[in-house]
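# Residue-level structural notes
Residues per chain are reported as follows:
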Amino acid sequence: MVCNISARKTALQLLVLFCGAPIVMAQNLASSDSPLPDEAQHSQITQQIQSYEQAIAGADGTYSEVSAELYQSLANAYLTIGDNAKAAQAYKDRLQALRIQLGLFSEAQLGTLASYNQLLYQLGDWDQIDSNFHLSYHIASKLYDKADSRYIEWATQLASWKIKAFESGVLGPGNDDSIQAAARIYQELAEQLPENDKDYY
């Protein structure tokens, strides 16, 4: 996931200096550096995948509390055998199950979106990553007050991603919208600082 930044301390600094700020892209999943399972292990995991899929089909509704956990297990299993495309679909299904189970806004979705994005970095699906960061920010804005450190964390992650997307051009060359979005977020964070805060300008 995009690097964590102490937003209260750096909001104003990054608002002024973000164009030259070194932002670290998310690290690849550990599985990318791990050897794929041998034939016997692959066969065992394939059987587990079949069991998960059968359990999902037999669950009380495709998108239920049980199926949400099964989709997570399914994603993990696909990741283990290196089938990232199917793992991505399992994350999407889990998100849908969580929305139906817990409502449109839940912390469980935030955790799933973070894991989903890690996988998408490997797949190079930059548009979906961008969409997920926006969704995470929107969910956080519904769950937390703007002064809450958890809201600040997700807002900062979106801004950091926007800067890196601009620097790398993954959303298209000369995409000034990314820089403008980052500036708006950092401005919003800066406005949350009390006047007696040492970082208040």
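Details of the structure are given in the entry above.
What this report covers is the structure whose coordinates are included nearby. (Residues numbered from 1 in each chain as written. Predicted model: local features only at pLDDT ≥ 70, side-chain atom pairs only at ≥ 80, totals over all residues. Heavy atoms only, no water.)

### Here's the deal with the overall build of the protein
- Looking only at helices and strands, the protein features 8 helices and 0 strands.
- What you see in the protein, going N to C, is helices and strands ordered as α-α-α-α-α-α-α-α.
- In the protein, which comprises 201 residues, the proportion classed as buried is 43%.
- Across the protein, every contact between residues at least 6 apart in sequence was considered, and the portion connecting residues at least 24 apart equals 63%. (Helix = DSSP H or I, 4+ residues; strand = E, 2+ residues; numbered from the N terminus. Buried < 20%, exposed > 50% of the residue type's maximum accessible area, 1.4 Å probe, protein only. Contact = heavy atoms within 4.5 Å.)

### Observations regarding the environment of Ala114
- When you line up the elements, Ala114 lands in helix α5 (residues 107–123).
- On the accessibility criterion, Ala114 (16% relative accessible area) is buried.
- Between the alpha carbons of Ala114 and Phe133 there is a distance of 8.5 Å; along the sequence they are 19 residues apart.

### Topic: the pattern of salt bridges
- Across all of its chains, the model carries 6 salt bridges by this definition.
- Among the salt bridges present, the one from Arg94 reaches Glu69, with a minimum N-O distance of 3.5 Å. Here Arg94 is found in helix α4 (residues 84–102), whereas its partner Glu69 is found in helix α3 (residues 65–80), with 25 residues between them in sequence.
- Using a relative accessible area of 45% as the deciding quantity, one classes Glu69 as partly exposed.
- Salt-bridge contacts for Asp130 lead to Lys162; the nearest nitrogen and oxygen are separated by 2.8 Å. (Salt bridge = Lys/Arg side-chain N within 4 Å of Asp/Glu carboxyl O.)

### Concerning helix α2 (residues 39–58)
- Under the 1.5 Å per step criterion, the end-to-end length of α2 is 29 Å for 20 residues, consistent within 8% with the ideal 28 Å.
- What α2 keeps buried is the set Ile45, Ile49 and Ile56. One side of α2 carries all its buried residues, which in axial view fall inside an arc of 50°. Structural note: α2 exposes Glu39, Ala40, Gln54, Ala57 and Gly58 on the side pointing more than 90 degrees away from its buried face.
- Each element contacted by the buried residues of α2 is listed here: α3.
- The N-capping residue of α2, defined by a side-chain oxygen 3.2 Å from the backbone nitrogen of Ala40, is Asp38. (Expected span 1.5 Å × (residues − 1). Arc of directions from axis to C-beta. Polar contact = N/O pair within 3.5 Å; in protein donor to acceptor, adjacent residues only side chain to side chain.)

### Observations concerning a nonpolar patch on the surface
- Nonpolar side chains collect at one region of the surface, where Leu104, Phe105 and Leu143 lie side by side and expose about 260 Å² of accessible area between them.
- Looking at the element boundaries, Leu143 is found in helix α6 (residues 126–143).
- With a relative accessible area of 32%, Leu143 lands in the partly exposed category. (Patch = residues over 30% accessible without salt bridge, like charges linked within 9 Å, V, L, I, M, F, W, Y side chains within 5 Å. Areas by Shrake-Rupley, 256 points an atom, 1.4 Å probe, with all protein chains shown as cover.)

### A look at the nonpolar core
- Formed by 45 residues in total, the largest nonpolar core has its most connected members in Ile49, Leu74, Tyr151, Trp161 and Leu189.
- Looking at this core, the elements with two or more residues in it are α2, α3, α4, α5, α6, α7 (149–168) and α8 (176–191).
- Here this core gets 9 residues from one element, more than from any other, and that element is α7. (Core = buried A, V, L, I, M, F, W, Y, C linked by side-chain atoms within 4.5 Å.)

### So, the side chain of Ser106
- Mapping Ser106 onto the fold places it in the loop between α4 and α5.
- Assessed through its relative accessible area of 7%, Ser106 is described here as buried.
- In contact with Ser106, not counting residues within four places along its chain, are Ile139 and Leu143.

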